[in-house]
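Residues per chain are reported as follows:
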There are 4 protein chains.
Amino acid sequence: MTLRIAVFGENRHEKVDPKVQEVYPEGMHTVIADGLRATLAADGIDAEVRIALLDDIEESLSEEALAETDVLTWWGHMAHGDVPDEVSERVVRRVHEGMGLIPLHSAHYSKPFKALMGTTCNLLWRNDGEEERVWTVNGSHPIARGVPHPIVVPEQEMYGEMFDIPAPDELVFVSSFAGGEVFRSGAAFRRGKGKVFYFSPGDQEYPVYRQSEIQRVLANAVVWARPEEREAAPVKIANAQRDWFRDGAVDAQGQAVTRVI
Amino acid sequence: MTLRIAVFGENRHEKVDPKVQEVYPEGMHTVIADGLRATLAADGIDAEVRIALLDDIEESLSEEALAETDVLTWWGHMAHGDVPDEVSERVVRRVHEGMGLIPLHSAHYSKPFKALMGTTCNLLWRNDGEEERVWTVNGSHPIARGVPHPIVVPEQEMYGEMFDIPAPDELVFVSSFAGGEVFRSGAAFRRGKGKVFYFSPGDQEYPVYRQSEIQRVLANAVVWARPEEREAAPVKIANAQRDWFRDGAVDAQGQAVTRVI
Amino acid sequence: MTLRIAVFGENRHEKVDPKVQEVYPEGMHTVIADGLRATLAADGIDAEVRIALLDDIEESLSEEALAETDVLTWWGHMAHGDVPDEVSERVVRRVHEGMGLIPLHSAHYSKPFKALMGTTCNLLWRNDGEEERVWTVNGSHPIARGVPHPIVVPEQEMYGEMFDIPAPDELVFVSSFAGGEVFRSGAAFRRGKGKVFYFSPGDQEYPVYRQSEIQRVLANAVVWARPEEREAAPVKIANAQRDWFRDGAVDAQGQAVTRVI
Amino acid sequence: MTLRIAVFGENRHEKVDPKVQEVYPEGMHTVIADGLRATLAADGIDAEVRIALLDDIEESLSEEALAETDVLTWWGHMAHGDVPDEVSERVVRRVHEGMGLIPLHSAHYSKPFKALMGTTCNLLWRNDGEEERVWTVNGSHPIARGVPHPIVVPEQEMYGEMFDIPAPDELVFVSSFAGGEVFRSGAAFRRGKGKVFYFSPGDQEYPVYRQSEIQRVLANAVVWARPEEREAAPVKIANAQRDWFRDGAVDAQGQAVTRVI
């Protein structure tokens, strides 16, 4: 089955900041989407990658559009507040139903990620163009497949601990920076029927998303985060009669009970 | 130092439901508070237990009152919607700052718990007065100290899986019910600087909070959830200059930098 | 790439116990292997399933044979002590290198599982032919794909908590039994570069491995446990020179350093 | 109750290596023990700290001596192989019974730690006297109480990822080194009824154990790792009769059943 990916980009720095325009003249979203397309194609994975922008968010992340999205990557920074609450709630609901979410870099502060974490998602930061080294700390995780140890990002904004997130279900990467800080830069979470992978390398001022190793991580992440075959609905709240789960049980309407989550 | 506990009670079933009035004529909150007082006193722990009701929530869970609360237990059911959003947000913020939170039974659906979890917190349920057996699955956890294996609750509402919460940081208890369902009934989470322990046994129609084993769990839980000695503030978001953490470093105002979370 | 599976069977009860011969005249290993073949074929997965018995363990789990095994399922009970220590150590080493291991039922007490856990792996048990209900507690785990909630096993030996294992990295299933006990019956662990999934339903006296839902779980588990594309060697111990990980770095022999785990 | 601590020291480098004699003329064990005594006394904790050396290991870690030990800290490096297998097995068994274990630095390769982990415990290393910064990544953990963020160790041996341990139950500290590597330097595990806290800062050639912040961590760790009030025996393996856990149940000998883990 085709893996249906949406790449959400805020696309605001690209409009107003000459430095960003120089690094990402085509927009970060384009570079992220192209990297996914190329890497997934090389892996022989049948995938469709579309772009969703803040400017068209009501359509590109509409109820209908999200219903046909398996995994959503999310880059935002200066305009988190411009994402309508309803859209964020819709995204969260779709994660509960099974959609994968890959918040990138400054999306630690995006509305849907914060709502899914239940914490402040605060951190230390410094924009000083420092070397970042991304170390794998999980020897068998599919998201670390084919990734050098470490990935070296020549110049990057520093993100440092204490990063105020719940303990990840699986910690995949930890970064160090030239200035000495560390950061849990690749962190996997399960929420409802959906999977979330936060990945911090990537910033509007540095060509991080052009690095093939970073594109490899993103491709691995969307494959990992794709929904399992399940009904696309949140886990149920239900009043269950005694013996509802035994063969032959019927519900109040006389219908056979289906035993699914 | 005195452990300052607030016992939040919705106190609505007690006003309108004859069955509940029979089981808890003094109100569930009174039984919970008395159990904590007696059990903590037997342990030689210096504790103050106050009651906070939905009817006085603006005062009893005011900014000032919460600032002087180390651990908050929370029982609510039929009136979750009557808890003002601002109060819920205040409670969440205090957890981020270090306050312990002990959501009880139907508080799986309370506003602050849902906000801290980031999931639907849905579950199966059936009110059929079934035996519940509460099994310890963590051999070294302080919340399971002095607790029989299993605790037998003669009659209780059934709560069953799939319980839509994030995987607990520490799973302490798992329950089975006479009807065959299972439930992760004792689940510990860390959020920001605070600790959360969800404990499901306890319902308005059954005298569960009168059982000494249940009182033992609650007393263990409030001790476990008390804040560590730290500044009562959320984890910082901060722009950090290079070398800020080395001896002699000063901040932009020339002040010595303090290295705390 | 072909998924190479070995199904290890102790095959002793089958030789000496009439009740077991009646339930599994062809041997449990044959039923497990056939179930894997059929289920994986239905999923379109290219897999080879071979059988390895205690009687031929030196060959069937030799260094060479294990080197060509991606995932090993393990059923043992009355003859754990007859597994040579060297074979167990070899299996453990292969897990560290990336091989998947699926210990089944009484293999909770097998040598390689105990060595990988570092705990006693003790539990409660009772052979009383009780109904077991296997509940999914992880809404997005691939091992729970296509599995009813709950799986009902009409008759089964009871395994009960406290099960003395480390907290699983991912808890997938929890069972209840007619007698009231609960058990963490599906538990996923990562060790080195390898994955381990312990699954308890299945006993020599009951036709559990003939149930299609159980076969579905086993097929899901071997797919989950297959090694990621990595060098098949344990995580390195190495003396690392400064800057070894930067472009152009060479080792003591003047060779380019490879940055792999 | 008095907290009974044993500080195990290999005490071999101290005998043969002039550099180590200069840094730790009184032996590392003495500095560790004195630090624990002073820090615990300042906290008002009733503790007894004794020293156990490799030279007297048969007595100092005898069955009897271990039975009266609540928490054991362990430093070893060049003579791991000289620790008798029986002593290591005894230590592991005592952890299963509830004793706390605090393996320090090169004890990542000690027999009891490896047996409790079930992995190779391999890592990268470099002895180049580099600055280490120990960052707290868990905002509410008692082991991080009163600890600066980060702890700066001016000179230290580098330990780097991939550190081949199971994912810790709780990750408390992550270190970076001047050379760019990162390391999970403070990792908490539960095994059976016991707790294990691995802490890597500390090496024979650098006066790390003389730093008050490091002494603070060790004091916090022994308090966290002290056994809960429970029977000092491993989790049981037992054949359980139906209804054994209900009031009035008796065992095969007609004795009342006790419901403990």
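Residues numbered from 1 in each chain as written. Chains lettered and ligands numbered in written order. Predicted model: local features only at pLDDT ≥ 70, side-chain atom pairs only at ≥ 80, totals over all residues. Heavy atoms only, no water.

The name an unreviewed UniProt entry gives chain A is Trehalose utilization protein, with Brachybacterium faecium as the organism.

1. A word on the overall build of chain A
Within chain A, the secondary structure is distributed over 8 helices and 10 strands. Along the first, second and third principal axes, the C-alpha atoms of chain A reach 65 × 40 × 40 Å. Looking at the 261 residues of chain A, the share that counts as buried comes to 66%. Sequence-distant contacts, at least 24 apart, represent 72% of the contacts inside chain A between residues at least 6 apart. (Helix = DSSP H or I, 4+ residues; strand = E, 2+ residues; numbered from the N terminus. Buried < 20%, exposed > 50% of the residue type's maximum accessible area, 1.4 Å probe, protein only. Contact = heavy atoms within 4.5 Å.)

2. Regarding the relation of the copies chain D and chain B
For these two chain copies, the linking operation is a rotation about an axis paired with a shift along it. Superposing chain D onto chain B takes a rotation of 180° combined with a translation of 0.0 Å along the rotation axis, leaving an RMSD of 0.0 Å. Taken together, the rotation and translation relating the two chain copies correspond to the operation of a two-fold axis. Relative to the rotation axis, the closest C-alpha in chain D is found at D:Asp169, a distance of 3.8 Å. The residues that chain D uses at the interface reappear at the interface of chain B in 100% of cases, marking a shared surface. (Least-squares fit on C-alpha atoms with pLDDT ≥ 70 in both.)

3. Some details on the packing of helix H3 (residues 28-42) of chain A against helix H8 (residues 212-225) of chain A
A pair of packed helices can be characterised by two numbers: the angle between their axes and the separation between those axes. Residues and elements named next belong to chain A. Across the interface, H3 lies against H8 with an axial gap of 9 Å and an inter-helix angle of 75°. The angle between H3 and H8 falls in the class roughly perpendicular. Contacts between H3 and H8 pair Ile 32, Gly 35, Leu 36, Thr 39 and Leu 40 from the former with Gln 215, Arg 216, Leu 218, Ala 219, Val 222 and Val 223 from the latter. Across the contact of H3 with H8, the residue classes tally to 7 nonpolar, 3 polar and 1 charged. (Axes fitted to C-alpha atoms, helices over the stretch in contact; angles between N-to-C directions. Parallel < 35°, antiparallel > 145°, perpendicular 65-115°, else oblique. Nonpolar A, V, L, I, M, F, W, Y, C, P; charged D, E, K, R; others polar.)

4. A short note on unusual backbone geometry
Here B:His149 and B:Pro150 are connected by a cis peptide whose omega angle stands at 0°. When you line up the elements, B:Pro150 lands in the loop between strand E5 (124-136) and strand E6 (151-160). Note the cis peptide between D:Glu161 and D:Met162, where omega equals 10°. Following the sequence through the fold, D:Met162 ends up in the loop between strand E6 (151-160) and strand E7 (170-177). In the Ramachandran plot, B:His105 falls in the positive-phi region, its phi being about 50° despite a non-glycine side chain. Relative to the helices and strands, B:His105 resides in the loop between strand E4 (100-104) and helix H7 (111-117). Exposure remark for B:His105: the relative accessible area of 1% places this residue in the buried category.

5. Some words on the UniProt feature "domain: ThuA-like" (unreviewed entry) in chain A
According to UniProt, the "domain: ThuA-like" (unreviewed entry) feature falls on residues 5-225 of chain A. Along residues 5-225 of chain A one finds 31% helix and 31% strand; the C-alpha atoms at either end are 10 Å apart. (UniProt positions renumbered as here; feature names shortened; annotations may be inferred.)

6. Examining the interface of chain D and chain C
Across the boundary between the two partners, chain D contributes 42 residues, which contact 42 residues of chain C. Counting the surface lost from both chain D and chain C, the interface buries some 3300 Å², and carbon and sulfur atoms represent 55% of this. At the junction of chain D with chain C, the criterion picks out 4 salt bridges. Across the pair D:Asp128 and C:Arg242 runs a salt bridge whose closest N-O atoms are separated by 2.9 Å. For the side of chain D that touches chain C, the elements supplying multiple residues, two or more each, are helix H7 (111-117), strand E5 (124-136), strand E8 (182-191) and strand E10 (238-239) of chain D. Examining the composition of the side of chain D that touches chain C, we find that 5 residues originate from one element, E5(D), more than from any other. Looking at side-chain class alone, the side of chain D that touches chain C contains 20 nonpolar, 11 polar and 11 charged residues. (Buried area = accessible area lost by both parts, 1.4 Å probe. Salt bridge = Lys/Arg side-chain N within 4 Å of Asp/Glu carboxyl O.)

7. Considering the environment of B:Phe199
Among the secondary structure elements, B:Phe199 is positioned in strand E9 (residues 194-199). Every residue in contact with B:Phe199, bar those within four places of it in the chain, is listed here: B:Pro103, B:Leu104, B:His105, B:Phe173, B:Ser185, B:Gly186, B:Ile214, B:Val217 and B:Leu218.

8. Concerning the pairing of strand E9 (residues 194-199) of chain A
Residue and element names in this part refer to chain A. Of all 6 residues that make up E9, 6 are buried, and the element is covered over most of its length. Burial along E9 is two-sided: the residues Gly 194, Val 196 and Tyr 198 and Lys 195, Phe 197 and Phe 199 are all buried. Relative to E9, strand E4 (residues 100-104) runs parallel, the two being bridged by 2 bridges. Along E9, the bridge assignment pairs Leu 104 with Phe 199. Sheet topology places strand E8 (residues 182-191) next to E9; 6 bridges connect them, and they run antiparallel. (Pairing = 2+ DSSP bridges.)

9. Observations regarding the environment of B:Ile102
Residue and element names in this part refer to chain B. As for its placement among the helices and strands, Ile 102 is situated in strand E4. Since its relative accessible area comes to 1%, Ile 102 is described here as buried. Separated by 86 residues in sequence, Ile 102 and Ala 188 place their C-alpha atoms 9.4 Å apart. Setting aside residues up to four positions removed in sequence, Ile 102 forms contacts with Val 71, Leu 72, Thr 73, Trp 74, Phe 197, Ala 221, Val 222 and Ala 225.

10. Here we look at the pattern of salt bridges
Scanning all chains against the criterion turns up 106 salt bridges over all chains. Shared partners join several salt bridges into a network, and the residues in it are A:Arg126, A:Asp128, A:Glu130, A:Glu181 and B:Arg242.

11. Quick notes on the pairing of strand E1 (residues 3-9) of chain C
Residue and element names in this part refer to chain C. Among the 7 residues of E1, 6 are classified as buried, and the element is accordingly described as predominantly covered. In terms of strand pairing, E1 meets strand E2 (residues 47-53) through 7 bridges, oriented parallel. Counted as the bridge partner of Ile 5 is Val 49 from E2. Looking at chain direction, E1 and strand E3 (residues 71-75) are connected through 5 bridges and run parallel. Across the sheet, residue Phe 8 finds its bridge partner in E3, namely Trp 74.

12. Some remarks on the side chain of A:Arg190
Residue position: A:Arg190 is located in strand E8. According to the relative accessible area criterion, A:Arg190 is buried, its value standing at 10%. Of the polar contacts made by the side chain of A:Arg190, one reaches the side chain of C:Ser140; its length is 2.7 Å. A polar contact is formed between the side chain of A:Arg190 and the side chain of C:Glu170, at a distance of 3.0 Å. Leaving out residues up to four positions away in the same chain, A:Arg190 has contacts with A:Asp169, A:Lys195, A:Trp224, B:Pro166, C:Asn138, C:Ser140, C:His141, C:Pro142 and C:Glu170. (Polar contact = N/O pair within 3.5 Å; in protein donor to acceptor, adjacent residues only side chain to side chain.)

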